[in-house]
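Breakdown of the fold
The chain contents come next:
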Amino acid sequence: MNILSQRCRTLNYAVTTPSSAAMPLEPDIPGVTHEFGECLLLLIGVERGDSTFARAAAKAIRRIARKTDTTWIVINGFSHLTRPGHECDTTTARTVLARIAEHLRDHDFAVHMMPFGWNKTWRMEVRDGEWEQRMTRFPPIHADRNDRGRLEGVRAEHSSSESRALTSP
């Protein structure tokens, strides 16, 4: 599982067109702009074997939310963050994302799930700083059942984006 988190001052999105994996939506939803202020946007790529990482992913997300002082979390399933050849089926991805959202709600975070499988237009203002933009990775389980016990205590691998100022000579 790969999670790109971005702490946004503002986030606006609108659903545009369905992909082949799109969940059913009411006909009046496409085109409606959803606006959020001071939120944590999560782009999550779910891979095969990631269903056991939902609780650990939520814990890592809670830590980022605390570090960035936000209680509003917006989740978007984003298949482009999966490694080629490691994609999971649509049902699994939606289930994992729903479990993550449930675990976050259990800890009093407000969660908005973007419609799965739909293309969207975006506009956002992303904050800068150590915790504001992060990539979190969980290794997918590609082992047999005997190896699962060793992976239960797996910890997230974090990296932060760094911005570098470019100056002219």
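Notes on the structure in this doc start here. Owing to the predicted nature of the structure, the values given are computational and were not obtained by experimental measurement.

1. Observations regarding the pattern of salt bridges
Counting across every chain of the model gives four salt bridges. Glu-47 is paired through a salt bridge with Arg-83; the nearest N and O atoms lie 3.1 Å apart. Of this pair, Glu-47 sits in the loop between strand 2 (33-45) and helix 1 (54-67) while Arg-83 sits in the loop between strand 3 (72-77) and helix 2 (90-106), and the two are 36 residues apart along the sequence. The exposure class of Arg-83 is partly exposed, given its relative accessible area of 35%.

2. A closer look at unusual backbone geometry
For Glu-38, which is not glycine, the phi dihedral falls at a positive 45°. Considering the arrangement of structural elements, one finds Glu-38 in strand 2. Located in the positive-phi region is Asp-108, a residue other than glycine, with phi close to 70°. Its location among the elements puts Asp-108 in the loop between helix 2 and strand 4 (110-113).

3. A short note on the side chain of Arg-62
Assignment of secondary structure puts Arg-62 in helix 1. For the buried Arg-62, which has no salt bridge, the nearest side chain bearing the opposite charge is Asp-106, at an N-O separation of 8.1 Å. Discounting chain neighbours no more than four positions away, the residues touching Arg-62 are Leu-104, His-107 and Phe-109.

4. Here we look at the environment of Thr-71
Looking at the secondary structure, you find Thr-71 in the loop between helix 1 and strand 3. Taking the C-alpha atoms as reference points, Thr-71 and Val-111, separated by 40 residues in sequence, lie 8.5 Å from one another.

5. Some points on helix 1
Taking 1.5 Å of rise per residue, 14 residues should cover 20 Å, and helix 1 covers 20 Å from first to last C-alpha, within 8% of that figure. Considered for burial, the residues of helix 1 that qualify are Ala-54, Ala-57, Ala-58, Ala-60, Ile-61, Arg-62, Ile-64 and Ala-65. At the exit of helix 1 stands Asp-69, carrying a positive phi of roughly 55°.

6. Some points on the packing of aromatic side chains
For the coordinates displayed, the defined rule picks out three aromatic pairs. Taking the centre distance of 6.5 Å and the plane angle of 0° together, the rings of Tyr-13 and Phe-36 count as stacked. Taken as a pair, Tyr-13 in strand 1 (residues 2-18) and Phe-36 in strand 2 lie far apart in primary sequence, 23 residues in all. Note on Phe-36: relative accessible area 11%, which makes it buried.

7. Quick notes on the packing of helix 1 against helix 2
What describes two packed helices is the angle between their axes and the distance between those same axes. Relative to each other, helix 1 and helix 2 sit at 50°, their axes nearing to 8 Å. Here helix 1 lies oblique to helix 2, going by the angle between them. Handedness of the crossing formed by helix 1 with helix 2: right-handed. Note on element contacts: helix 2 touches helix 1 through Val-96, Arg-99, Ile-100, His-103 and Leu-104, opposite Ala-54, Arg-55, Ala-57, Ala-58, Ile-61 and Arg-62. Partitioning the contact of helix 1 with helix 2 into residue classes produces seven nonpolar, one polar and three charged.

Scoring rules and cut-offs
- Throughout this document, residue positions are counted from 1 along each chain, in the order its sequence is written.
- Totals for whole chains, interfaces and linings use every residue, but because this is a predicted model, local features are given only for residues with pLDDT of at least 70 and side-chain atom pairs only at 80 or more, for both listing and counting.
- Side-chain calculation: all heavy atoms of the structure are included, whereas hydrogens and water are not.
- What makes a salt bridge here is a side-chain nitrogen of Lys or Arg within 4 Å of a carboxyl oxygen of Asp or Glu, nothing more.
- The numbering of helices and of strands both runs from the N terminus, where a helix is a DSSP run of H or I of at least 4 residues and a strand a run of E of at least 2.
- Only protein chains enter the accessibility calculation, which uses a 1.4 Å probe. A residue is then buried if its area is under 20% of the maximum for its type, exposed if over 50%, and partly exposed in between.
- Just so you know, the count uses Lys and Arg for positive and Asp and Glu for negative, and it drops His and the chain ends.
- Only heavy atoms enter the contact rule, under which two residues are in contact if any of them lie within 4.5 Å.
- By this rule, a helix spans an expected 1.5 Å times one less than how many residues it contains.
- Only Phe, Tyr and Trp rings are paired, with Trp represented by its six-membered ring, and only when their centres lie within 6.5 Å; those with planes under 30 degrees apart are stacked, over 60 edge-to-face, the remainder tilted.
- Axes, fitted as lines to C-alpha atoms, cover a helix only where it is in contact. Angles between the N-to-C directions of the axes lie from 0 to 180 degrees.
- Should an angle lie under 35 degrees it is considered roughly parallel, over 145 roughly antiparallel, and from 65 to 115 roughly perpendicular; all remaining angles are considered oblique.
- Crossing handedness is defined as follows: a turn of the near helix away from the far one that is anticlockwise and smaller than a right angle gives a left-handed crossing, while the clockwise case is right-handed.
- Asp, Glu, Lys and Arg are counted as charged, while Ala, Val, Leu, Ile, Met, Phe, Trp, Tyr, Cys and Pro are counted as nonpolar; the rest, among them Gly, fall into the polar class.

Don't take any of this as a statement about function, it's just geometry.
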